[in-house]
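# Examination of the molecular architecture
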Amino acid sequence: MIKKARFQRDPQVHYVETGNKSFLKFLDMHSSAAQQHKCFKICPCLFSFKSSLLYYNITDPFTKSPRKTMPESPKPNSGKKQSPSPIRRGGSGKSASPKKSPSPVRYKKGESPNRRSKSPPKSGKGRESKSPSTPKSGRERGRSGSTKKKKEVRVKSPDTTEDGLKIVKKRREGLTIIPVTLLGEKDIGELYLSGNNLTSLPPTIMRWTSLRKLDLSKNGIQCKGPNDFYGLPQEMGTLNNLEDLNISECNLMYIPPVIWQLTHLKFLDVSRNKFNILLPEIGNLTSLQKLNLKHTNICSLPPEIAYCQELEEILLWGNTIESLPETLTEMLKLKTLALNYQSFCGVIDEHTETMYRKGQIITQHIPGVVFELPCMETLDLENTKINNLPDTYNLNLKDLILRKNFLDSLPSSVYNLNHLTLIDLSYNLVKKLPEEIGRVVSLEKLRLDNNQLTTLPDNIGLLHNLEELDLASNQIQSLPQTINGLKSLKYLILEKNQLTELPDEICELLELETLDITENKIHTLPMKLHQLVKLRDSHGYRNLRRHGLWLYKNPLVQPPPNVWRTDKPEKIFDYLKKLAIIKTENLQRQKILVLGETQCGKTSFVRGLVHHKSILTKAKTDKTAFVEQTLWRTENAVELIINDFGGDPSYTIGYPLFLDNKAMVLVVYDHSTYSTETHKSAIGQWIELLNQYTPGAVIKLVGTKTDLCEEETIDETTQLVKDLTEKQLENYKNKLLKEQKSLETEIAHVRSQVSSDGNQDYLQHLELQKENLENLIKHPLKMLPDVATISSIDGLPGVSDLINSIELMAIDTTLFPHAQRCIPSHWNNLRAELKRQEGYYLKLEEVKEIAKKFDIHDQELEDCIHYLHDVGEVLWFHNLIGLALILFHKPRLLVELITALYRHDFNSFLNFEKNKVFMSKGNLSPKDFSEAVEIFQKNGQISRPMLNCFWFYQNLSYDKLNELLDLMPMFDVCYTVPEPEIPKGKIHTKPLMVLPWYNQEYSGTDLTEIWEDNKDKSEYTVSLSYNFPLGLPSGVFERISATMQDIILERIDWKDAVYATTDFEKLLIKRSHDNELDLDTLTLTVKADDLSNIECLIKEATLIISKVLVRTNGLIWRIRADKNLWKNNSICFHP
Ligand SMILES: Nc1nc2c(ncn2[C@@H]2O[C@H](COP(=O)(O)OP(=O)(O)OP(=O)(O)O)[C@@H](O)[C@H]2O)c(=O)[nH]1
Ligand SMILES: [Mg+2]
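All of these numbers come straight from a predicted model, not from anything done at the bench. (Residues numbered from 1 in each chain as written. Chains lettered and ligands numbered in written order. Predicted model: local features only at pLDDT ≥ 70, side-chain atom pairs only at ≥ 80, totals over all residues. Heavy atoms only, no water.)

## Points about the coordination of the magnesium ion (ligand 2)
Only Thr603 (OG1) and Thr624 (OG1) from the protein coordinate the magnesium ion (ligand 2), and they sit 1.9 to 2.0 Å from it. Residue threonine 603 is found in helix α9 (residues 602-611), and its partner threonine 624 is found in the loop between α9 and β22 (627-633); the two are separated by 21 residues along the sequence. Exposure class is identical for threonine 603 and threonine 624. Each is buried. (Donors = N, O, S within 2.8 Å, 3.2 Å for Na, K, Ca; no water. Helix = DSSP H or I, 4+ residues; strand = E, 2+ residues; numbered from the N terminus. Buried < 20%, exposed > 50% of the residue type's maximum accessible area, 1.4 Å probe, protein only.)

Put into structure tokens, the structure is as follows:
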């Protein structure tokens, strides 16, 4: 242990009072005192330092009152000194035991105390300015004015420190003495005096008790001996607040001894003074954090440096260091030891160097201690002629620079350094990189250029943080497929190798900004290279190094030279993309669904895509009515059918009819208004909708209106979109997993009892739900990682990138397995024939007849219809019972019919004066009209005259309309009410078609009264409920309500309930939400005086409910019912 007592000074300090007469006399005496102390010898080995100095005081020139005594000089080591403790290192065999006597400080040969350069040394070149990897000290950064901190200070107040002390700047003012006024200043926090002609400071500087920072650099401060207090007086030692002292470039031959008293110093810069030796007294400065010793001619450090336990940085560039003390290993905070390691090679002659190069002798000239500094962050051994690296125990090492040596490998211990971010092994003799490299996952830069590598290890792909990989000038013949693991890679240099091809996996390095394959043997580029959209240049430079895609000196034929010789990689990518599309066999038309909040910019964006120019819609008047279909053929001949949905909430009920999990979904949101608060309405609700109806669908997020965003916020918002969306998907997944667990527990419980209570149906219901759930877990939404940000204004910023990715998605069979289906040519004949058929729809029987002509039957016909549906030619609701027997061969007409019933603009549409249709087609008087409107708006009831008006533009005959009245209920969105053969009363208020979606009235007390009124004492009441742990999507209740019409005679509808009667029973279906459990529930209650009737009706009703529920693919439910209902098979849990 280094003992703290060794540094204690003699506390006896004598002061001699002097009069105030002559400052010169003082100087005289001071200098003679200094002379006297010149002969005082320091014996570094003994660490003794006796000081018995005479202090002279002059009268304070400002107060004119003579000072009687100086305050007692503080004891430099009175503070508790942390004792350095030995560090354990495995296997090094070396001991840096502090018990060992510190090695004597060596003086450089031929050193003369007078050797002092006349002009301050010029700022050093070479490593000092070259090495970018060594972090700059905080002070250096501060001075260069490039840090935020400096900016902040400037903004706050130019003349005061953060705690309100003065900042005084007197740089380059030609001062030879400190101005009297300055000496009188109080509360100086920082004082900048650099570039003056000061040779000394007066003792009165002790008045600057608040001084934190003092810059005396570039002055002529004198110090002729280790005890010379002329330049910096003894009194300076009382500046207890001084933390930062800069006396660089002062032509100092000795470090002024008062500095050893400044025990609060954190930053000391004594660089560019030629004092040759750093005295052991440096150990006094126990608070020191940064020590700048650059260009000071020192050749070693004293072992006592280890007392400076706070020291994080020692800068030693510009010195020829010959040895380093072992005690450095005790410095537990030392991150930076910046020195020119080449100085250790000074003794190596040419012959020895050759032997090192050939590996005939193992190099040992770098002091072992540098490999044992536990906190060191940078080890720069560039060009130090080493052929062997000892085991390294610099456990915090970040940058390991070994350029230009004779190394053929690294010790295993390097691969255990888990903070390493840079390994620079360029210009060495490495033949093989071990698989162990995959362990250094922290690695960001790996430079292996100019070695002798022929392959790369597979484990290189594990370096997922790697951003730069330089493999230039090796003999590499092929790259491993695992290279696709380098997900962060931006810079890949493969120049001058023996590569004959690039693996397809290289096209997965989506962050790549530079790919240099100059001078290889490559004939063709992988077609998917166009995925690397961040390769924005080709054959260009940035910051004096190659940037973008570099392809020179390869025998490239694909693309041909006229394509690849360019500075615009888009040209190359377009070629490759076209090639990819051309070579994509049977590329099929793809369906796109464009969803998003109303007015977020969907239609304007779609128009921009299709017409290649800005066609902005007009706010509100151009709102999309339900869905608009557009056929889009890209320049590369990819065909897409776009379904642009109106985002108005009125259309929610209709979306499920058109959602399709084979389609590409673009969820569009307004990037300019997006925030955490708007996430749910902008993106969240659409993801919920897709989770409910199209699990497994491929989704890309598109942010619009970036022209309205502040340029610098665009990326930030994109990140927020990604984060919140990811969180939402994660929450949904967790919800599924939680539900799965709960289902499994319940199934296990029910299974154990099933033999005794015969609850087989219930078990089956739970198992079916579990199966559903597992499917949902297995097929989550496929959210593409990139968010496109675009604008639909002139120039369509961002749109061409998006077109690019849409095209790539469209040909990607991993996303859309059906994208490259092989279609028999006669299917097209059927398609054309179907289009020639009249009307809206055809019965499947009719289609079969038509298909016979083309020899398409049974399963082939089914496949063909599926195909026509997928490419948007027809609509076939194959999983909707009833509708499965109908083919909508002209889907646009169906959309028109639905759009006429679900409008966002009913408020303006239902205007008797402005809309003459109501008068002419409906034959309505104004009064009739307002009554008809009232029942529609309140209860969703449409009378025949009104329906005639709604469907006016479809020009339907009486028969056709009646046909539609049979058809529409099959979509579950409405029910119809039979008309009496002879109409009676007011026809305009007689409901013909009812759309439960429009019902505005909640059940409340009305229902209670009706239900209670109908109470009959002899009646039985049976109830069961459906719980929806993932929520009940809006519209599902309305569908159940509409479908119930099939089994009831009379009904009363509310927004949340249906009360109905049949011949003998009463039935109630009610939806509710339990706020406490956050659970949606549907309750079915049946009353009758006969239990068997009740069970019959329950069976019918549950069948209808099941039919509707199974159509909602992402829905999970659990039926809670009395055991007897299950036992008696009275619940139909699956259609
Ligand atoms: N400044 C700017 N305005 C836009 C942009 N895109 C759309 N708009 C405007 O935003 C409004 C709504 O645009 P639409 O494209 O109709 O929005 P939508 O999503 O189709 O709306 P719905 O059809 O109601 O669902 C219109 O006034 C457009 O002119 C854009 O990129 N920049
Ligand atoms: Mg629109």
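## Observations concerning the packing of aromatic side chains
Taken as a whole, this structure holds 29 aromatic pairs when the rule is applied. Residues phenylalanine 626 and phenylalanine 645 carry aromatic rings whose centres are separated by 6.4 Å and whose planes lie at 70° to one another, so their mutual orientation is edge-to-face. In this pair, phenylalanine 626 sits in the loop between α9 and β22 while phenylalanine 645 sits in strand β23 (residues 639-645), placing the two residues 19 residues apart along the sequence. Judged by its relative accessible area of 1%, phenylalanine 626 is buried. Exposure remark for phenylalanine 645: the relative accessible area of 1% places this residue in the buried category. (Phe/Tyr/Trp six-rings, centres within 6.5 Å; stacked < 30°, edge-to-face > 60°.)

## Quick look at the UniProt feature "coiled-coil region" (unreviewed entry) in the protein chain
The UniProt record annotates "coiled-coil region" (unreviewed entry) at residues 722-753. Helix makes up 100% of residues 722-753 and strand 0%, whereas the separation of the span's terminal C-alpha atoms amounts to 47 Å. (UniProt positions renumbered as here; feature names shortened; annotations may be inferred.)

## A short note on a negative patch on the surface
Together, Glu710, Glu711, Glu712, Asp715 and Glu716 make up a negatively charged patch on the protein surface. Within the secondary structure, glutamate 710 sits in the loop between β25 (698-704) and α12 (714-757). (Patch = residues over 30% accessible without salt bridge, like charges linked within 9 Å, V, L, I, M, F, W, Y side chains within 5 Å. Areas by Shrake-Rupley, 256 points an atom, 1.4 Å probe, with all protein chains shown as cover. Salt bridge = Lys/Arg side-chain N within 4 Å of Asp/Glu carboxyl O. Lys, Arg positive; Asp, Glu negative; His and termini not counted. Charge placed at Lys NZ, Arg CZ, Asp CG, Glu CD.)

## Overview of unusual backbone geometry
Cis rather than trans, the peptide bond between glutamine 558 and proline 559 has omega equal to 5°. Here proline 559 shows up in the loop between β20 (549-550) and α7 (561-564). Notably, lysine 385 is not glycine yet its phi reads approximately 60°, a positive angle. Positionally, lysine 385 belongs in the loop between β11 (378-380) and β12 (399-401). For serine 473, which is not a glycine, the phi torsion comes out positive at approximately 55°. Position of serine 473 relative to the elements: it lies in the loop between β15 (468-470) and β16 (491-493). Look at serine 473 and you get partly exposed, because its relative accessible area is 23%.

## Let's talk about the sheet that holds β20
Sheet architecture is open: 8 strands sit in the order β11-β12-β13-β14-β15-β16-β17-β20, paired in parallel fashion. In this open sheet, the two edge strands, each paired with only one partner strand, are β11 and β20. As judged from the 3 bridges shared by β16 and strand β17 (residues 514-516), these two strands associate in the parallel manner. Bridge pairing in β17 links leucine 492 to leucine 515. (Pairing = 2+ DSSP bridges.)

## Digging into the sheet that holds strand β32 (residues 991-994)
Pairing within the open sheet is antiparallel, and its 3 strands lie in the order β30-β32-β31. Since the sheet does not close on itself, it has two edges, and those belong to β30 (941-943) and β31 (975-976), each with one partner. Note that β30 and β32 share 3 bridges and pair antiparallel. Along β32, the bridge assignment pairs serine 943 with proline 991. In the packing of helix α21 (residues 926-939) onto the sheet, contacts are made with β30 and β32, and the angle to β30 comes to roughly 150°. (Contact = heavy atoms within 4.5 Å. Axes fitted to C-alpha atoms, helices over the stretch in contact; angles between N-to-C directions.)

## Digging into the pattern of salt bridges
In total, this model carries 50 salt bridges according to the counting rule given. Here arginine 589 makes a salt bridge to glutamate 873, at a shortest N to O gap of 3.0 Å. Placement of the pair is arginine 589 in the loop between α8 (569-583) and β21 (590-595) and glutamate 873 in the loop between α17 (858-870) and β29 (886-887), with a sequence separation of 284 residues. Taking the relative accessible area as the measure of exposure, arginine 589 reaches 13% and is therefore buried. With its nearest N and O atoms 3.9 Å apart, the salt bridge here joins glutamate 1038 to arginine 1071. With glutamate 1038 in helix α25 (residues 1036-1043) and arginine 1071 in strand β36 (residues 1066-1074), this pair connects stretches of sequence that are 33 residues apart. Given the relative accessible area of 5%, glutamate 1038 is considered buried. You can call arginine 1071 partly exposed: its relative accessible area is 22%.

## Looking at the packing of helix α15 (residues 825-836) against α17
Between α15 and α17, the shortest axis-to-axis distance is 11 Å and the interhelical angle comes to 65°. The angle between α15 and α17 falls in the class roughly perpendicular. Pair α15 / α17 crosses with right-handed handedness. Along the contact surface, α15 presents His826, Trp827, Leu830, Arg831 and Leu834, while α17 presents Glu860, Leu861, Asp863, Cys864, Tyr867 and Leu868. Grouping the constituent residues of the contact of α15 with α17 by class yields 7 nonpolar, 1 polar and 3 charged. (Parallel < 35°, antiparallel > 145°, perpendicular 65-115°, else oblique. Left-handed = near helix turned anticlockwise from the far one by under 90°. Nonpolar A, V, L, I, M, F, W, Y, C, P; charged D, E, K, R; others polar.)

## Quick notes on the site of ligand 1
The local shell around ligand 1 holds 21 residues, among which Thr598, Lys602, Ser604, Thr617 and Ser792 are the closest. Within the backbone of glycine 601, an N or O atom sits 2.9 Å from an oxygen atom of ligand 1. Side-chain polar atom of serine 791 to an oxygen atom of ligand 1: 3.5 Å apart, as the coordinates give it. Surface burial for ligand 1 is 91%, taken as the share of its 650 Å² of free accessible area covered by protein chains. Counted by class, the shell around ligand 1 contains 5 nonpolar, 11 polar and 5 charged residues. (Near = heavy atom within 4 Å. Polar contact = N/O pair within 3.5 Å; in protein donor to acceptor, adjacent residues only side chain to side chain.)

## Concerning the pairing of β23
Counting buried positions along β23 gives 6 out of 7 residues, so the element sits mostly inside the fold. Both β21 and β23 contribute to a ladder of 5 bridges, which runs parallel. Within β23, the residue paired with lysine 591 across the bridge is isoleucine 641. When β22 meets β23, the two strands line up antiparallel, connected through 7 bridges. Bridging from a neighbouring strand, arginine 633 pairs with glutamate 639 of β23. In textbook terms, the turn of a hairpin is the stretch between consecutive antiparallel strands, and for β22 and β23 this stretch comprises 5 residues, one of which, alanine 637, has a positive phi near 65°.

## With respect to helix α16 (residues 844-852)
Inspection of α16 places Leu844, Val847, Ile850 and Ala851 among the buried residues, and these make up the whole buried set. All buried residues of α16 lie within an arc of 115° about the axis, which places them on one face of the element. Check the buried side of α16 and you find it contacts α15, β28 (842-843), α17 and β29. (Arc of directions from axis to C-beta.)

## Let's talk about the environment of isoleucine 314
Residue placement: isoleucine 314 occurs in strand β9 (residues 313-315). Other than its neighbours up to four places away in sequence, isoleucine 314 contacts Leu291, Leu293, Leu301, Ile305, Leu334, Thr336, Leu337 and Ala338.

## Some points on the side chain of glutamine 728
Its place among the elements puts glutamine 728 in helix α12. A relative accessible area of 17% means that glutamine 728 is categorised as buried. Those residues in contact with glutamine 728 that sit more than four places away from it in its chain are His679, Gly684, Ile687 and Glu688.

## With respect to a positive patch on the surface
Together, Lys169, Arg171, Arg172 and Lys218 line one region of the surface with positive charge. By secondary structure assignment, the location of arginine 172 is in the loop between β3 (166-169) and α5 (180-184).

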